[in-house]
Amino acid sequence: LGIPRLRDRAIGFVRNDFWRKLRSRQPFTDEEQVFAVFGALSLVWTGFAIGLAIATWGRRFWEVI
């Protein structure tokens, strides 16, 4: 996409500006739409990866015991 620091900017947008714009019903620019989709997917993927890691390590921990 050629956007520098895309992940950082997208997550920052989702955490802050997204909710303000949504409440005030302001239209999103094309760049903000990219930030919203990429940021949301990044947060979902991060949550999934953390959950999978916890489940995997938890299973291995109980096998050892």
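Above: the structure in question.
Residues numbered from 1 in each chain as written. Predicted model: local features only at pLDDT ≥ 70, side-chain atom pairs only at ≥ 80, totals over all residues. Heavy atoms only, no water.

Caption draft 1: Representation of the nonpolar core within the structure. Grouped together as the largest cluster of nonpolar side chains are 6 residues: Leu 6, Ala 10, Phe 13, Phe 18, Phe 35 and Ala 36. Put simply, the parts of the chain that give this core at least two residues each are α1 (6-15) and α3 (30-64). (Core = buried A, V, L, I, M, F, W, Y, C linked by side-chain atoms within 4.5 Å. Buried < 20%, exposed > 50% of the residue type's maximum accessible area, 1.4 Å probe, protein only. Helix = DSSP H or I, 4+ residues; strand = E, 2+ residues; numbered from the N terminus.)

Caption draft 2: Highlighting the packing of α1 against helix α2 (residues 17-24). One way to put it is that α1 packs onto α2 with a least axis distance of 3 Å and a crossing angle of 45°. Overall, the two elements α1 and α2 adopt an arrangement that is oblique. Here α1 contributes Gly 12, Phe 13, Val 14 and Arg 15 to the contact with α2, which in turn contributes Asp 17, Phe 18 and Trp 19. In terms of residue class, the contact of α1 with α2 is made up of 4 nonpolar, 1 polar and 2 charged. (Axes fitted to C-alpha atoms, helices over the stretch in contact; angles between N-to-C directions. Parallel < 35°, antiparallel > 145°, perpendicular 65-115°, else oblique. Contact = heavy atoms within 4.5 Å. Nonpolar A, V, L, I, M, F, W, Y, C, P; charged D, E, K, R; others polar.)

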